[in-house]
Amino acid sequence: MKIALLGYGKMGKVIEQIALERGHTIVLKKTSSNSFEGLENADVAIDFSIPSTAINHISECLNRNIPIVSGTTGWLEDYDKMVNLCNQKKGSFIYGSNFSLGVNVFFELNRQLIKMMQNLKQYNVSMEEVHHTQKLDAPSGTAISLANDIIKNSDYTNWSLTKEDSSLYIDAKRIENVPGTHSVFYDSKVDQIEIKHTAHSREGFALGSIIAAEWIIDKKGVYTMKDVLGI
């Protein structure tokens, strides 16, 4: 499989390493200083860039009928536009706030737990996410995904980075050399329930994105990691 890397920072380099180990070829390493030359040779593109370039990267691929897997967060106000473009071009698109296989199991655990807790009003829900200081968006896309699943199945109407009535509080921390930690807390006067996922390195995110790229070949439409993993 021939892969175009859209974004060649720390994540891009880890993806490259794992892709080569799995027998794939890299045909483009896109940075801010080079063009899309080589994208036409790709079977699939993987985007781990920055919020300000993600839309351009995804659009470029969909307009060229190249399947695109995007793990860039912080641009979701334009997500529906990309879905519409994908459907218009009959393209192939996967967006994931987190491609770690373990995190996607964690997403499902979070959905099941909030449904179990719906009628236990004595518990207040809060979240914490911790990432490296280079992460540009806060809260993380993963935290927003977790929060949205809680909001859909609870009395919370939105999430907030400050403690407010009726809002699901997310404590977003930035600490050197932390790949990513997400916790969900259910607190009552008598006890606490906590679920937590801790990433030890970027390799889990990179591997998941490559598995998604392998999966989407020859498929058309908009998908998520739930489709890839069958959960």
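Predicted, not measured: the structure shown is a model, and the values here were computed from it.

Sorry, what's going on with the packing of aromatic side chains here?
In this description, a pair of aromatic rings is defined by centroid distance and the angle of the planes. What the rule picks out here adds up to 6 aromatic pairs. Pairwise contacts between aromatic rings join Trp 75, Tyr 79, Phe 93 and Tyr 95 into one cluster. Its guanidinium or amino end placed over the ring of Tyr 8, Lys 13 lies 4.3 Å from that ring's centre, counting from NZ or CZ. Sitting over the face of the ring of Phe 36, Lys 30 holds its NZ or CZ atom 5.0 Å from the ring centroid.

Teacher, can you tell me more about the sheet that holds strand β9 (residues 181-187) here?
The strand order across the open sheet formed by 5 strands is β7-β8-β6-β9-β10, and the pairing between neighbours is mixed. Because the sheet does not close on itself, it has two edges, and the strands there are β7 (158-160) and β10 (192-198). In this sheet, adjacent strand axes meet at a mean angle of 20° when their direction is disregarded. By the bridge criterion, 7 bridges tie β9 to β10 in an arrangement that is antiparallel. Of the residues in β10, the one forming a bridge with Asp 187 is Gln 192. Relative to the sheet, helix α4 (residues 101-117) contacts β9 and β10, its axis offset from that of β10 by approximately 165°. Running at roughly 170° to strand β6 (residues 124-131), helix α5 (residues 141-152) makes contact with β6, β7, β8 (167-174) and β9 of the sheet.

Before we go on, may I ask you to explain the nonpolar core in this structure?
Note that soluble globular proteins tend to have their nonpolar side chains buried in a common cluster. Counting 24 residues, the largest nonpolar core has Ile 3, Ile 15, Ile 46, Val 69, Ile 94, Phe 99 and Ala 212 as the members making the most contacts within it. Looking at this core, the elements with two or more residues in it are β1 (2-6), α1 (10-21), β3 (44-47), α6 (203-216) and α7 (225-229). Considering every element that reaches this core, the biggest residue donor is α6, with 6 residues. Beyond its immediate sequence surroundings of up to four residues, Ala 212 is in contact with Val 69, Ile 94, Phe 99, Met 225 and Val 228. With 20 residues, the next largest nonpolar core counts Phe 107, Leu 146, Ala 147 and Val 184 among its residues.

What am I meant to see in the pattern of salt bridges here?
It is possible for side chains bearing opposite charge to pair when their charged atoms get close. Applying the stated criterion across every chain, the model contains 13 salt bridges. The salt bridge involving Arg 64 is made with Glu 40; its shortest N-O contact spans 3.7 Å. With Arg 64 in the loop between α2 (51-63) and β4 (68-70) and Glu 40 in the loop between β2 (25-30) and β3, this residue pair connects regions lying 24 residues apart in the sequence. Judged by its relative accessible area of 35%, Arg 64 falls in the partly exposed class. The residue Glu 108 makes a salt bridge to Lys 226 at a minimum N-O spacing of 3.8 Å. Highlighted residues: Glu 108 in helix α4 and Lys 226 in helix α7, separated in sequence by 118 residues. Residues joined in a network through salt bridges with shared partners are Glu 108, Arg 111, Asp 149, Lys 152 and Lys 226.

What is the right way to read α5 from this model?
It helps to recall that an α-helix has 3.6 residues per turn; residues three or four apart then point in one direction. With 12 residues, α5 ought to run about 16 Å at 1.5 Å a step, and its terminal C-alpha atoms sit 17 Å apart, in line with that. What α5 keeps buried is the set Gly 141, Thr 142, Ala 143, Leu 146, Ala 147, Asp 149, Ile 150 and Ile 151. The inward-facing, buried residues of α5 abut α4, β6, β7, β8 and β9.

I tried to follow the sheet that holds β4 on my own but got confused; where do I start?
Pairing between the strands of a sheet comes from backbone hydrogen bonds, and it takes one of two forms, parallel or antiparallel. The parallel open sheet is built from 6 strands, whose spatial order is β2-β1-β3-β4-β5-β11. Edge strands, defined here as strands with exactly one partner in the open sheet, are β2 and β11 (221-223). Direction aside, the axes of adjacent strands within the sheet are offset by 15° on average.

Sorry, what's going on with the state of the cysteines here?
Disulfide: a covalent bond formed between the sulfur atoms of two cysteine residues. Taken as a whole and judged by the stated rule, the model has 0 disulfides. Of all cysteine sulfurs in the structure, the one in Cys 86 sits closest to Cys 61, which takes part in no disulfide; the separation is 11 Å. Exposure remark for Cys 61: the relative accessible area of 0% places this residue in the buried category. The exposure class assigned to Cys 86 is buried, which follows from its relative accessible area of 1%.

Parameters at a glance
- Residues numbered from 1 in each chain as written.
- Predicted model: local features only at pLDDT ≥ 70, side-chain atom pairs only at ≥ 80, totals over all residues.
- Heavy atoms only, no water.
- Phe/Tyr/Trp six-rings, centres within 6.5 Å; stacked < 30°, edge-to-face > 60°.
- Lys NZ or Arg CZ within 6 Å of the ring centre and 35° of its normal.
- Pairing = 2+ DSSP bridges.
- Helix = DSSP H or I, 4+ residues; strand = E, 2+ residues; numbered from the N terminus.
- Axes fitted to C-alpha atoms, helices over the stretch in contact; angles between N-to-C directions.
- Contact = heavy atoms within 4.5 Å.
- Core = buried A, V, L, I, M, F, W, Y, C linked by side-chain atoms within 4.5 Å.
- Buried < 20%, exposed > 50% of the residue type's maximum accessible area, 1.4 Å probe, protein only.
- Salt bridge = Lys/Arg side-chain N within 4 Å of Asp/Glu carboxyl O.
- Expected span 1.5 Å × (residues − 1).
- Disulfide = S-S within 2.5 Å.

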